[in-house]
Amino acid sequence: MSMAEFNGNHKWYKAAQTPSELRYDVISRGWVAIATGRARKPGSFQQEKKQQELNGKESCPFEDLTDQEAPTAAFFKGKQVELPSNGTVPEKWTTISLLNKYPAFIPQENFQWKTNLIGPYQIMEGVGFHEVVITKHHQEDISQFSQEQTKELIDVYHARYLELQQQDFVHYIAIFKNKGKEAGASIAHPHSQIIAIPATSPGMDVALQGLREFHDATGTCAYCAMISWDIKDESRVIYENEHFVALCPFASRVAFEARIYPKEHAAHFEGITEQGKWDLALALQKTLRAISKGLGDPDYNYFIHTAPPDGGEYALYHWHIEILPKTGTWAGFELGTGIEISTIEPEKAAEFLRKQ
Ligand SMILES: [Zn+2]
Ligand SMILES: [Zn+2]
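Not measured: the values here are computed from a predicted model.

Colleague: Quick question: what am I supposed to make of the overall build of the protein chain here?
Modeller: In terms of helices and strands, the protein chain carries 6 helices and 15 strands. A compact globule built from 356 residues should have a C-alpha radius of gyration of about 21 Å, and the protein chain, at 21 Å, falls within 12% of that. Overall, the protein chain is about 55 × 50 × 45 Å in size when its C-alpha atoms are taken along their principal axes. For the protein chain, contacts bridging at least 24 residues in sequence account for 70% of all contacts bridging at least 6. For the protein chain, the exposed area adds up to about 18500 Å²; of that, 52% sits on carbon and sulfur atoms. Charged side chains of the protein chain number 35 positive and 46 negative; the gap between the two group centres comes to 5 Å.

See below:
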């Protein structure tokens, strides 16, 4: 797809302006992004004794959007609204996506797909897209949202996914939310981010290998097998409706980890139907409300794991949302072994969340 047919509010950059590069680890087979354009000064990493609190409403950058970058999609009370042609924010909106003011990845004019080889190392330019999705109210978040408000957020994720995946260099689209300082947010105002990059997450390769082996042995999708077992068993289910189920996974990595799965096998988030979005909204809203109520509004991260738009074969994948409340910190054992110690049985966590 050419630049002209694409979202008119995106700025396109020259090759030399890329703010980051992707470096490949040949052993773990994963990419890391290294900031080059706006890297921090080495001295700035000195730990401050006390981290600053996140900004209040008075100094919130998302209360008045005139200083922000151009919007890429906007909804008002459940309906998509047209964006002004001059790149400004529409008068009325309740959920909006904007170009990130400090993007980690930027789209590049005439991007040439290549990996530079330097001895045993590989580098790729940090080309891509980086957007932020915000909802209107400074304090009200998904745990207090109605089904309609949550559905609108999913509508924005969906609309942006459908557009961003059209660019050839987009091989992975990460949609995620960091809530609170502990979870890595630097702004208090409820927001999520969308990052589209030219590299696929190494976790996807590992997941596909596991799914392939399970499928070869049993003829079914491992996720489908776990979902139908858990629905019958009930002990790990937090919430369920016609199209989605929220549960604490059997092998939870952190206390109160929650996942939301479509009940029907589907590899691609973007294939979700209108009815599916309503059901997903309720599952997401109810799960986050139970976590907020039961655990005293903890910080959390969530992200969508879905088959990437890189032309690969992903029919075996089963997309889902992972929610990781900040109930502990990765320490030496976790970092050294990759084995996490969760401090509550998932069955007890699910039972507790069901009661909220
Ligand atoms: Zn705000
Ligand atoms: Zn499945």
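Colleague: Could you clarify how one ought to interpret the coordination of the zinc ion (ligand 2) in this entry?
Modeller: Six octahedral donors around a metal ideally make angles of 90 or 180 degrees; four tetrahedral donors ideally make 109.5 degrees. Taken together, the protein donors to the zinc ion (ligand 2) comprise Cys221 (SG), Cys224 (SG), His265 (ND1) and His318 (ND1), at separations of 2.0 to 2.3 Å. Mapped onto the polypeptide sequence, the residues donating to the zinc ion (ligand 2) form the spacing pattern C-x2-C-x40-H-x52-H. With His265 in the loop between strand S13 (258-262) and helix H4 (274-295) and His318 in the loop between strand S14 (300-305) and strand S15 (320-325), this residue pair connects regions lying 53 residues apart in the sequence.

Colleague: Explanation requested: helix H1 (residues 147-164) in the structure shown.
Modeller: Residues three or four positions apart in an α-helix share a direction because the helix packs 3.6 residues into each turn. Compared with an ideal rise of 1.5 Å per residue, which puts 18 residues at 26 Å, H1 spans 26 Å between its outermost C-alpha atoms and is within 8% of the ideal. Within H1, 13 of the 18 residues are buried, which leaves it mostly tucked inside the rest of the structure.

Colleague: Honestly, the pairing of strand S12 (residues 244-247) in this entry has me stumped. Any pointers?
Modeller: Judged by which residues are buried, S12 turns out to be covered on both faces: Phe244 and Ala246 on one side and Val245 and Leu247 on the other are all buried. Bridge analysis of strand S11 (residues 237-240) against S12 gives 3 bridges, and the strand direction is antiparallel. Pairing of Tyr239 across the sheet is with Ala246, part of S12. In sequence, S11 turns back onto S12 through a hairpin of 3 residues. Across 4 bridges, S12 lies against S13 in antiparallel orientation. Directly across from Leu247, in S13, lies its bridge partner Arg259.

Colleague: Any chance you could explain helix H2 (residues 202-218) here in plain terms?
Modeller: The end-to-end C-alpha separation of H2 is 25 Å, in line with the 24 Å expected for 17 residues at 1.5 Å each. All of the buried residues along H2 are Met204, Leu208 and Leu211. Within H2, the buried residues cover an arc of 65 degrees as seen down the axis, which keeps them to one side. Relative to its buried face, H2 has exposed residues pointing more than 90 degrees away, namely Val206, Glu213, Asp216 and Ala217. Tucked into the core, H2 has its buried residues touching strand S9 (172-179) and helix H3 (222-233). The backbone nitrogen of Gly203 has a side-chain oxygen 3.1 Å away, supplied by the residue at the start of H2, namely Ser201. Just beyond H2, the residue with positive phi is Gly219, at close to 80 degrees.

Here is what the cut-offs are and how they apply
- Along every chain, residues carry numbers that run from 1 in the direction the sequence is written.
- Here the convention is simple: chains get letters from A, ligands get numbers from 1, in the order in which they are written.
- Totals for whole chains, interfaces and linings use all residues, but because this is a predicted model, local features are given only for residues with pLDDT of at least 70 and pairs of side-chain atoms are given and counted only at 80 or more.
- Water and hydrogen atoms play no part in the side-chain values, which are based on all heavy atoms of the structure.
- By definition, any uninterrupted DSSP run of H or I lasting at least four residues is a helix, any uninterrupted run of E lasting at least two residues is a strand, and each is numbered from the N terminus.
- Atoms counted for the radius of gyration: C-alpha only. Globule rule: 2.2 Å times residue count to the power 0.38.
- Residue contacts follow a heavy-atom distance rule, with two residues in contact if any of their heavy atoms lie within 4.5 Å.
- Method for areas: the Shrake-Rupley scheme with a 1.4 Å probe, in which residue coverage is limited to the protein chains shown.
- We count Lys and Arg on the positive side and Asp and Glu on the negative side, and we leave His and both chain ends out.
- Taken as the charge location is NZ of Lys, CZ of Arg, CG of Asp or CD of Glu.
- The rule for donors is simple: N, O or S, within 2.8 Å of the metal, or within 3.2 Å if the metal is Na, K or Ca. Water isn't counted, so a site may look like it is missing partners.
- Given a helix with a known number of residues, its expected span is that number minus one, times 1.5 Å.
- Here's how the labels work: a residue is buried when its accessible area is under 20% of the maximum for its type, exposed when over 50%, partly exposed in between, all with a 1.4 Å probe on protein chains only.
- Strands were regarded as paired on the criterion that DSSP finds at least two bridges between them.
- Throughout, the arc means the angular range of directions from the helix axis out to the C-beta atoms.
- By the criterion applied in these results, polar contacts are pairs of N or O atoms within 3.5 Å in which, for protein atoms, one can donate a hydrogen and the other can accept it, and in which residues neighboring in sequence qualify only through two side-chain atoms.

Don't take any of this as a statement about function, it's just geometry.
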